[in-house]
Each structure stands twice: as structure tokens, then as C-alpha cells.
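Inside the fold
Listed below are the residues making up each chain.
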2 protein chains.
Amino acid sequence: MIGYNIIGKKISALNDKTIQASNPKNQEQLEGEFHVATTEEADEAIQKAKAVAREYANLPSSKKALFLRTIADNIEKLSSKLIDRVVAESGLPEGRVTGERGRTCGQLRFFADKIEEGSWVNAIVDRGDVDIRQCLQPLGPVVVFTASNFPLAFSTAGGDTASALASGCPVIVKAHESHLGTNNLVAECIMAAAIECGLPDGVFSSLNGAGYELGSYLVKHPDVQAVAFTGSYGGGKALYDLAQSRPHPIPVFSEMGSVNPIFVLPQAMEKKTTSWAEAIASSVNLGAGQFCTNPGIIVVERNEFLTAFSDQLVDAFSRLQAATMLNKGIHANYNKAKYSKSQESGVKIKYIEIDDDKASLSAHPCLLEVSYADYSKNPKLSQEVFGPFTIMVVCENQSEMKEVASQMEGQLTASIIGEADEIIKANDLLEIAASKVGRIIINGMPTGVAVCEAMNHGGPFPATTDPRFTSVGGNAIYRFVRPVCYQGFPDELLPDALKEANPLGIRRLENGEYK
Amino acid sequence: MIGYNIIGKKISALNDKTIQASNPKNQEQLEGEFHVATTEEADEAIQKAKAVAREYANLPSSKKALFLRTIADNIEKLSSKLIDRVVAESGLPEGRVTGERGRTCGQLRFFADKIEEGSWVNAIVDRGDVDIRQCLQPLGPVVVFTASNFPLAFSTAGGDTASALASGCPVIVKAHESHLGTNNLVAECIMAAAIECGLPDGVFSSLNGAGYELGSYLVKHPDVQAVAFTGSYGGGKALYDLAQSRPHPIPVFSEMGSVNPIFVLPQAMEKKTTSWAEAIASSVNLGAGQFCTNPGIIVVERNEFLTAFSDQLVDAFSRLQAATMLNKGIHANYNKAKYSKSQESGVKIKYIEIDDDKASLSAHPCLLEVSYADYSKNPKLSQEVFGPFTIMVVCENQSEMKEVASQMEGQLTASIIGEADEIIKANDLLEIAASKVGRIIINGMPTGVAVCEAMNHGGPFPATTDPRFTSVGGNAIYRFVRPVCYQGFPDELLPDALKEANPLGIRRLENGEYK
């Protein structure tokens, strides 16, 4: 495997500097020397994207849909070659990786269907003394930063790329250092699809980079129009600040950290002790806890069922398997953070293992406990630990549970677990929690983000930098467009979405009525 | 008139410091001592807004709609008392002010109708193994900065306030120093309407302030969730930067400067010389040129019709009447800027008058001319002059006209004037221009922004700080909301918009189909 950069329809390796990927399970170097993109290569990728932006935007949706489906087909054709590389680079189990490939290809086809149907452009027609029409148009070149924890579904051909390409924007991907080979394989699938579909040269590029240099160059480039990022708060906020300090600020959609609290009400603790304890423990340990929606805080009320519930949780945690984490940095940070939290004032260790095996990057789940009194005094305890970690906050009453919700920062999700009656009575808690999150869940775990029209994978800052948009689900496409209004246009010059005869057959708002 | 601040349902004047408004036509002080809001008063307004945000959001739409309609009724009841004060404070003619009042009340009723119909919340229902639903929810307290040039329609009860209140957000208005009395009268109408409709105490407040102190306090306040502003680039960008540097950044919708180029194609110049020259001159001088959509650049091709067209323009400009500008600062800046531009290299004066009457703030329109060669070398010439000013850029060919479009910064609008055939052939110019603007107009003037669903009054930076949203038209409401996803909810706890039986009878996307 030669790790070229991909710039439109060509491969490029101007830089002698190369980087490698390693297997987190044994720290062995994996095949492939990946050439770090030079500034010239990055600029060329953006210039090509800019040059073809209008042509790509104007292509019929059927052609863009074919492109997305061809990418999915090409990814599937790689078969075990891709799966093996992802497993080797991520340490994730094969079953999970196969599932993630399905999700990735499913997303590509989901957006293909969506743009082929076409109504997403929000066409509005007002026929009056003056004829005024409006629809959405793509912003232009989008930079996508790939995520460490989803080498396929939130990476090279993941949801950001799929929705940006679907919206009509060219995409420049910055590969993640942890899965350079995966990126290379998938980027080749996209390049091949662009060639097979006869697309203009520059709708997609993929660049290898180490550290912040390439990323900040891309975000500051005047011809980049939007940025999508999934990762840590530090990384996402730094890119956001960089973009806002440009002479011409651009939108940055950073999906960052979240502790996704689960509030467990008393009757649920009493009546379904074991099943909820098992569900929570499994959710905490899923994918070695390396999910944006990992539940990092469990909020309970001190009552006669607490001991049994707590014991069941500990039992469930002790039966969970250790798993390999994504890379050395994540593994080291997880162990440091869980140990450090366990030493905070008032914190009790319920289940912990020292995971000092730096060869295998293996990590066990961790369960801590703290009273609301101690929790509320210590802001550190509400901060995310990336990994299979959770802390149980024990409140003296429901009013303290509501305080946890009131005091929490913006989150991707919050969950309420309860029996039917008590859920109804907890409406106030539900409303407070809903005001802080992008998705509120009753009697379910936050992990597992369905790709559907109603999904919102986003939330108030600091969960994301823009709570008005989602990075998963149909509405993810709206991150990369803006409305353009056409006044007094002759029919033949209007975009097809707005032509009088509605040749696309899409749903439109015409003189105030949906047609 | 005693110029109190209005904080929810009470009036407040803690500060001894007062400011006054003056009549731009004669510089006389107008009745009224307006108490500048203290930090305590500003904080109280925000705390009240925060305290009632959830209660107001949860009110049925019919109640919010009644509130908006009652505001409109109360404004109309003020009758000549309001009109006289606006005329006295703004120097605008009575006819224009009466029209603007109609627009203001029309907007309030437009949003009342929109929320009563209810489909705007974009309800999505996905029934599957897991039940996932989504709709839009209000962000919380919104700060509205009122505009100098529209004392009613973009001010206290203008489009920003109307759309924010319609979305379910409480509003805190910062009054404009030029029309403190107008603000006071209208704010009283809103306070009275809130009391008449039995709304919670804090859905609306109005604060008087001088300079930047109050404004920056409001934008930095941690409980403010969004900001709307209409005004200069300097003011709008400063508020944007302030909001982005908060620990918790918030959206700022600044609608700022724009030069709104008009491209005139050759056949139109030949065949409709007089009518287009008259239309352009009138548009430039409308409201003393104090419109965001004022056409500040006219782009033409040098040809045999140019002299006749130019002569007609000069003739039309010479017949236009001078008008009073909004305040001393605007009048002084206009005269300084038009003189300064007239002295730039290669610029020819076609029509200019020295407007040095500082007593009446009277200003004549100004027409300059420059070749594309000189224009393209001098970035100053593409900058906005706020007032009845335009500069004609003479290109040697259509390719230079396209260059003007390619090089221009983001604009609210661009217009193309042409006969049917040449418009079709100018598709490339149209597309370039469309990529830079929020609204593209064929054979019409940019001034006159219709309040309708298809309107987009926005555009790429620096025309606004967020090109994805409009400040006029139905979609203005989307600035103040974010999606919230409800997973696994029992029907009775869902918002009405998402309940299984669709009790609001709104249009929803259900399992991928619009119902």
C-alpha cells in the first residue's frame, strides 16, 4: 500500500515525509507509508474543488445519487481487504467493523434516495405582482475531519462526506492518523466512483496529515466554505475558533464531547434492577466506551433499592470484557482520567482495574460513585472521560436529580429510565433535560444512533458548536446549503426545483400551501 | 414622555443618566428623557426572560398568535401619536412611515398566522423498532438590536422581534439612540399586549442605552441564547466577534452592509434607456438611500448606447429631491464618503452636490463613474456608502462584467437588467452573481423587500454573519430554534406537534412521507 494523497482524479506524493499506522492490539507498524500532504497539495485540492463547485452543484440529482451509490458499491467490493485493515488499525472487533461498513454504505444510499426524491431543497414559490422563488443551494468546498472512533461511518465516506456530496458540495477529507490505510482504501473507492460516473475533476480529495498543521491550513483557506469535525472538545473548539477568526468566517460543525446522563427513577430501580443494570453496563462498555453517546453519568435517588441496583451494576461491570482501545493516546488518557476521578473527594470506587498493558491497549470498564453533594461541588466530575467509564451520582431526592439536569452543560443526549407512572410524574425533569440536549430518550440507552429522518445527533454547546444542525440523519444535509431567492426570473433560467411546471415533482410551498 | 426601561411587566428607571432624541430636520431636542439601563436592569430583564422561557415556549401557538396580533392592534391604536413621533425622530416622510407601520403590523400578523398553522416546526415521525420523533424548539432569550433606518419594521416590534416571539423565545430589545421615543411607544404596546394576553412576566423587555456598553453586556450575558442585529458592518461584526469569544458561543444574525450591484445589459440600455435610468435613480434615492438593499454599483458595458444611458441617469438624478438623513453621524459620513470616492483615481463625477447643511441634514443623491480598469485596482470603490450614492462601473466587454461579479464580496442582492434574449445568454453572469448573493433579481430594483415565504433577506459574509438564514420572510423564524429529538416517548409526554394523533393537524414527515 502506497499512501498517496488523492487530489481529484490524480494521486500525489510531493512530500518525502511519511507517516504510518499501527495496530493498537500489538503496536506493530502496519503496511503503508503515507505521504503527508504539502501546502501545495492542499491548495491544489481546494482550488480544484472550487473550480468544479458550480458544475457539480448543477449536475442533476440522479447523477449525484449514482455517485453516492457507486461509492457504496465500491466500498462493498473491497470486501475483507477493507474489513481486515479497519480491524488492524482500530482494534475494533470484526463484527462491529462489518456493521459499521453496512451503516456507511447505508448512509450513502440513504442520501442518494433523499436527493433523488428531491424535496429536501425546501422549494418555495410565491406568485404575486413580483414572482419570488427560493430554494437551497450548496455552499461550496467542504473540509471533513475524520473521526478516530468510527473509521468508516464518521470518516472518509461517512455521514459528513455523504451529506456534503449529496448537498452538491465538493469535499476535501483530512485523513485520521490512526487509520490512514482505511482512509486510503475508501478514498480510492470515492475517486474511482467519481471517474466511473464521469464527474468533474475535483469533487473529492483526500489528504494525509500529522498534527495540526494541515488541518489549520485547510480551515483557514479562503476558498473553503464549511467544515465538519467529529472528535474531542479541544480539537473541535480549536477549529471553530480558527474559522471564526478568518476574515470571512465560515460554519464549523464540530461534534464534540458529551457525558449523556442517564436518570434512573426509583420504581425502575426496584422493578427492573437487573435488566437496567445490565443495559447500562453494556452501553458503557460498547466499543470500549469510545462513542460520542457513551453514558458517562448515571443519576439515581438514594432509596431502599439503591444497594441492590448498585450491586447489580458492579456485577454486570465485573462480567464485561476488556477491549482494545483505538490508539495509545486514548488508552493513556482513559487510564489517567479514570484514576484521577477515582481520587476526587467523596468518590467511591465501585469497579476499577488498572489497565497498564501498553502493548495491547486493553481497557476494562470503570464504575465510580459519588453523592450529589460532592458531585455538585466539583466540576471535574461532570467532565467526559473518553472510554468505558461512568460515575453514579446519588441524589437524596428528585429535586437533586433535577439539579443535576439544571446544572449540566449541553449534551448530545439524556435518558430517563422509569416505569410508566413515574415517567409521567417526572415531566419537569424531562423538560429540563430536553432543554440541554439534542435527543432525549425514555427507557433506552443513548448508544446506537439510528440513521433516520427524525434523528438529531447534535446538541447545545459544548456538545457541538452549532445546536441547530445534526451530523446523523436526513437533516445532516442542511449543514452545507444556504437559501437563494430568485426574483422575476424567466422560467427557463430558474433552477429545476423552482420551474413553474415542477419538473422534479417535488413537494413545494406555493403561495402559502404545500403542494 | 418619560423614557423608562421596560422590564417584563414593570417600568424601571434606576439610572439618573438620561439621553434624548432629536429631530434630524432641525436638530431640536424632542420631548422625553430616556433613562439609560443599568447593568442591574439589563440583568433583571435577562433573568426574567430566562425564568419564563420554558413557560412561554410551552404556551399553545394560539396564545402566542394572539399576543402578536394584540401588539399589532396596539400599534395601530397609537395612530398619529406614533406616526408623528417617528417622523420627528427619523426625518422620514409621513407616507413612508405610515407604510412602514403597515409593514410592521403585517409582519406581526404574518407570523401569527404562520405559528397558528403550525407546520413550520418541521415535525418528523419515524415509527420503527424504536420510536424516534423530532421537532423544533425555541433557543431561549433573544437580544434584538434595533435598526436606525427602519424605526418600526426592523426595530422594537419589527421582523426580528416578531419572528423571535413567534418562535417561542422571550425578547430583550436594545433601543436605538436615534429613535428612543418611537421605541418607547412601541415597547409600551408590547408590554400592554403581554399583560392583556396574560403572558408570563418577562417575555419582553426594552432597554435604553448609549454607546457600546449596554450592547456588549447583553451579548456577553451567559443566559442570552441568540442575537439579531441590523446595521453597519462595524457594529454587526463586533457583536458577532463578541458572541463567538464567549465561553459558550451563541448565534448572531447580523444583517450588515451591501452594495447590491445592478448589471445592465446592452439591449436594455438601448431599448429602455429612460425607464431603466429612472428606475435606478429612484431606487438609489429611495428613503435617502438608507436601505440595506440600496444599489451602490451599476455595472454597464461600454457601447454606442452608453452616452445616452449615462445622460438619462444624470438627468434623472438631477430631478430627484434631496431628503433629510436619519441622524448627524449618517449625514456626515455620507458626505465625507461620497466626496472621498469622487476623488479616487479615475473616478468621474456625473452628479454631485455638496450637502453641508448640518441644520437640516439634507442630502442629494450622487452618481459617479469609473472604468472597470480603475475599479478593479481600487478596493475602496466596491465599499458601501450608506446613503443615496451609486457608482457606475464601465466595462469594456461582458467578460469584465463577469469579473465584477466574480470579485464582489457577499451581497444581499444583485440585479440583472436585460431584454429576454440577452438575459438567457447571460446565464453565466447570473450564476456567478447568484453564488455571491442571497437574492438575485431579473429586471427589478433591489429596494422593496417583500414579506413572503420565498423571500431571502440575507446573503454571504460580509452581507450577513450567517448566510443560512434570512431576517425577512417566513423563514426568519428559523433563526431562533433548534431541533430536539424524542426517542421512545409515551404519547402523552410528546410535544403536541409529535403526538400520534397529530392534534395540531400539521404537515409532518412520517416514515419518509409527507402527510
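Residues numbered from 1 in each chain as written. Chains lettered and ligands numbered in written order. Predicted model: local features only at pLDDT ≥ 70, side-chain atom pairs only at ≥ 80, totals over all residues. Heavy atoms only, no water.

**Remarks on the overall build of chain A**
Helix and strand content of chain A: 16 helices and 24 strands. Whereas a compact globule of 515 residues would reach a radius of gyration of roughly 24 Å, chain A reaches 24 Å, a difference of no more than 12%. Once the C-alpha set of chain A is aligned to its principal axes, its extents read approximately 75 × 60 × 40 Å. Long-range contacts, defined here as pairs at least 24 residues apart, represent 77% of the contacts in chain A between residues at least 6 apart. Summed over its atoms, the accessible surface of chain A is roughly 17600 Å², and 51% of this surface lies on carbon and sulfur atoms. If you average the places of the 48 positive and of the 61 negative side-chain charges in chain A, the two averages end up 2 Å apart. (Helix = DSSP H or I, 4+ residues; strand = E, 2+ residues; numbered from the N terminus. Rg over C-alpha atoms; globule rule 2.2 N^0.38 Å. Contact = heavy atoms within 4.5 Å. Areas by Shrake-Rupley, 256 points an atom, 1.4 Å probe, with all protein chains shown as cover. Lys, Arg positive; Asp, Glu negative; His and termini not counted. Charge placed at Lys NZ, Arg CZ, Asp CG, Glu CD.)

**A look at the interface of chain A and chain B**
When the parts come together, some accessible area is lost, and that loss is often what is quoted as the size of the interface. Facing 60 residues of chain A, the contacting portion of chain B comprises 60 residues. Both faces considered, chain A and chain B share a buried interface measuring about 5200 Å² in area, 57% of it formed by carbon and sulfur atoms. Summed over the shared surface of chain A and chain B, the number is 6 salt bridges. At the junction of chain A with chain B, the criterion picks out 40 residue pairs in polar contact (both at pLDDT 80 or more). Residue assignment for the side of chain A that touches chain B shows that the elements contributing at least two residues are helix 1 (39–58), strand 6 (124–127), strand 7 (131–138), helix 8 (233–244), helix 15 (420–425), helix 16 (427–434), strand 21 (437–442) and strand 22 (481–487) of chain A. Top element by residues in the side of chain A that touches chain B is strand 22 of chain A. It accounts for 7 residues. Per-class residue counts for the side of chain A that touches chain B are 35 nonpolar, 11 polar and 14 charged. Sheet analysis places strand 22 of chain A next to strand 21 (residues 437–442) of chain B, joined by 3 bridges and oriented parallel. (Buried area = accessible area lost by both parts, 1.4 Å probe. Salt bridge = Lys/Arg side-chain N within 4 Å of Asp/Glu carboxyl O. Polar contact = N/O pair within 3.5 Å; in protein donor to acceptor, adjacent residues only side chain to side chain. Nonpolar A, V, L, I, M, F, W, Y, C, P; charged D, E, K, R; others polar. Pairing = 2+ DSSP bridges.)

**Here's the deal with the UniProt feature "domain: Aldehyde dehydrogenase" (unreviewed entry) in chain A**
When the UniProt feature table is mapped to this numbering, "domain: Aldehyde dehydrogenase" (unreviewed entry) covers residues 16–459 of chain A. The span residues 16–459 of chain A is 44% helix and 18% strand, and its two end C-alpha atoms sit 42 Å from each other. (UniProt positions renumbered as here; feature names shortened; annotations may be inferred.)

**Quick word on the sheet that holds strand 11 (residues 226–230) of chain A**
Residue and element names in this part refer to chain A. Overall, mixed pairing links the 7 strands, which are arranged 3-2-10-9-8-11-12 in an open sheet. Unpaired on one side and paired on the other, strand 3 (10–12) and strand 12 (252–255) mark the two borders of the sheet. Direction aside, neighbouring strands of the sheet carry axes that sit 20° apart on average. Across 4 bridges, strand 11 lies against strand 12 in parallel orientation. (Axes fitted to C-alpha atoms, helices over the stretch in contact; angles between N-to-C directions.)

**Looking at the relation of the copies chain A and chain B**
Once chain A has been moved 0.0 Å along the axis and rotated by 180°, it coincides with chain B to within an RMSD of 0.0 Å. Taken together, the turn and the small shift mark the pair as related by a two-fold rotation axis. Across chain A, the smallest distance between a C-alpha and the rotation axis is recorded for Gln-244 of chain A, namely 3.6 Å. With an isologous cut-off of 70% or more, the 100% of interface residues of chain A that recur at the interface of chain B puts this contact in the isologous class. (Least-squares fit on C-alpha atoms with pLDDT ≥ 70 in both.)

**A closer look at the pairing of strand 7 (residues 131–138) of chain B**
Residues and elements named next belong to chain B. Across the 8 residues of strand 7, 7 count as buried, placing the element largely inside the fold. Looking at chain direction, strand 6 (residues 124–127) and strand 7 are connected through 4 bridges and run antiparallel. Bridge pairing in strand 7 links Arg-127 to Asp-131. Adjacent in sequence and paired antiparallel, strand 6 and strand 7 are bridged by 3 residues. Two elements, strand 7 and strand 22 (residues 481–487), share 7 bridges in a ladder whose sense is antiparallel. Looking across to strand 22, one finds that Gln-137 is bridged to Arg-482. (Buried < 20%, exposed > 50% of the residue type's maximum accessible area, 1.4 Å probe, protein only.)

**Structural notes on the pairing of strand 18 (residues 366–371) of chain B**
All names here are of chain B. The buried fraction of strand 18 is high, at 6 of 6 residues. Burial of strand 18 is two-sided: the residues Cys-366, Leu-368 and Val-370 facing one way and the residues Leu-367, Glu-369 and Ser-371 facing the other way are all buried. Relative to strand 18, strand 16 (residues 348–351) runs antiparallel, the two being bridged by 3 bridges. Considered in strand 18, the bridge of Ile-349 is made with Leu-368. Bridge analysis of strand 18 against strand 19 (residues 389–395) gives 6 bridges, and the strand direction is parallel. Following the sheet pairing, Val-370 is matched in strand 19 by Val-393.

**Re the packing of aromatic side chains**
If you walk through the whole model with that rule in mind, you get 22 aromatic pairs over all chains. With a centroid separation of 6.1 Å and 65° between ring planes, the pair formed by Phe-145 of chain B and Phe-229 of chain B is classed as edge-to-face. Here Phe-229 of chain B lies in strand 11 (residues 226–230) and Phe-145 of chain B lies in strand 8 (residues 142–145), a separation of 84 residues in the sequence. When sorted by exposure, Phe-145 of chain B lands in the same class as Phe-229 of chain B, which is buried. An aromatic cluster is present here, built from Phe-150, Phe-154 and Phe-291 of chain A joined pairwise through their rings. In this structure, Arg-96 of chain A is placed above the aromatic ring of Phe-150 of chain A, and the distance from its NZ or CZ to the ring centre is 4.6 Å. Looking at Arg-507 of chain B, its charged tip hangs above the ring of Tyr-514 of chain A, at a distance of 3.7 Å from the centre. (Phe/Tyr/Trp six-rings, centres within 6.5 Å; stacked < 30°, edge-to-face > 60°. Lys NZ or Arg CZ within 6 Å of the ring centre and 35° of its normal.)

**Side note on the domain arrangement of chain A**
Residues and elements named next belong to chain A. Along its sequence, chain A is carved into domain 1 (2–256 + 467–480) and domain 2 (262–442). Measuring from the centre of the C-alpha atoms in domain 1 to the corresponding centre in domain 2 gives 33 Å. Counting residues at the interface gives 15 residues for domain 1, matched by 16 residues for domain 2. Of the roughly 1200 Å² buried at the junction of domain 1 and domain 2 (both faces included), carbon and sulfur atoms supply 56%. Summed over the three residues of domain 1 that lose the most area to domain 2, namely Pro-24, Gln-27 and Asn-149, the buried surface amounts to 35% of that side. Across the contact surface, domain 1 and domain 2 share 0 salt bridges. Joining domain 1 to domain 2, the criterion identifies 3 residue pairs in polar contact (both at pLDDT 80 or more). When its residues are assigned to classes, the side of domain 1 that touches domain 2 shows 3 nonpolar, 8 polar and 4 charged. (Domains from an automatic or database assignment.)

**A few points about the packing of helix 10 (residues 273–285) of chain A against helix 11 (residues 306–319) of chain A**
Residue and element names in this part refer to chain A. Remark: helix 10 packs on helix 11, axes separated minimally by 8 Å, with the N-to-C direction vectors making an angle of 40°. With respect to their mutual orientation, helix 10 and helix 11 come out oblique. In the packing of helix 10 onto helix 11, the handedness of the crossing is right-handed. In this structure, helix 10 uses Thr-273, Thr-274, Trp-276, Ala-277, Glu-278, Ile-280, Ala-281 and Val-284 to contact helix 11, whose residues at the interface are Ala-308, Phe-309, Gln-312, Leu-313, Ala-316, Phe-317 and Arg-319. (Parallel < 35°, antiparallel > 145°, perpendicular 65-115°, else oblique. Left-handed = near helix turned anticlockwise from the far one by under 90°.)

**Remarks on the packing of helix 2 (residues 61–78) of chain B against helix 4 (residues 94–117) of chain B**
All names here are of chain B. Orientation of helix 2 relative to helix 4, taken along the N-to-C sense of each, is 170°, at an axis distance of 8 Å. On the basis of their axis angle, the class for helix 2 and helix 4 is roughly antiparallel. Here Ser-61, Ser-62, Lys-64, Ala-65, Leu-68, Arg-69, Ile-71, Ala-72, Asp-73, Ile-75 and Glu-76 of helix 2 come into contact with helix 4, specifically with Arg-101, Cys-105, Leu-108, Arg-109, Phe-111, Ala-112, Asp-113, Ile-115 and Glu-116. Its residues placed into classes, the contact of helix 2 with helix 4 shows 10 nonpolar, 2 polar and 8 charged.

**A word on the sheet that holds strand 9 (residues 171–174) of chain B**
In a beta sheet, neighbouring strands pair by backbone hydrogen bonds and run either parallel or antiparallel. Residue and element names in this part refer to chain B. Read from one edge to the other, the open sheet built from 7 strands follows the order 3-2-10-9-8-11-12, with strand pairing classed as mixed. Each end of this open sheet is capped by a strand with a single partner; those strands are strand 3 (10–12) and strand 12 (252–255). With direction set aside, neighbouring strand axes in the sheet form an average angle of 20°. Both strand 8 and strand 9 contribute to a ladder of 4 bridges, which runs parallel. What sits directly across from Phe-145, in strand 9, is Lys-174.

**Looking at the pattern of salt bridges**
Enumeration according to the criterion identifies 64 salt bridges over all chains in this entry. A salt bridge links Lys-402 of chain A to Asp-428 of chain A; the nearest nitrogen and oxygen atoms lie 3.0 Å apart. Highlighted residues: Lys-402 of chain A in helix 14 (residues 398–407) and Asp-428 of chain A in helix 16, separated in sequence by 26 residues. With a shortest N-O distance of 2.5 Å, Glu-500 of chain B and Arg-133 of chain B are connected by a salt bridge. Taken together, the positions of Glu-500 of chain B in the loop between strand 22 and strand 23 (509–510) and Arg-133 of chain B in strand 7 put the pair 367 residues apart, joining distant regions of the chain. Using a relative accessible area of 3% as the deciding quantity, one classes Arg-133 of chain B as buried.

**A look at helix 4 of chain B**
Residue and element names in this part refer to chain B. For helix 4, with 24 residues, the first-to-last C-alpha span of 34 Å sits near the 34 Å given by 1.5 Å per residue. Against the buried residues of helix 4 lie helix 2, helix 3 (80–90) and helix 5 (159–167). The first or second residue beyond helix 4 is Gly-118, which carries a positive phi of 95°. (Expected span 1.5 Å × (residues − 1).)

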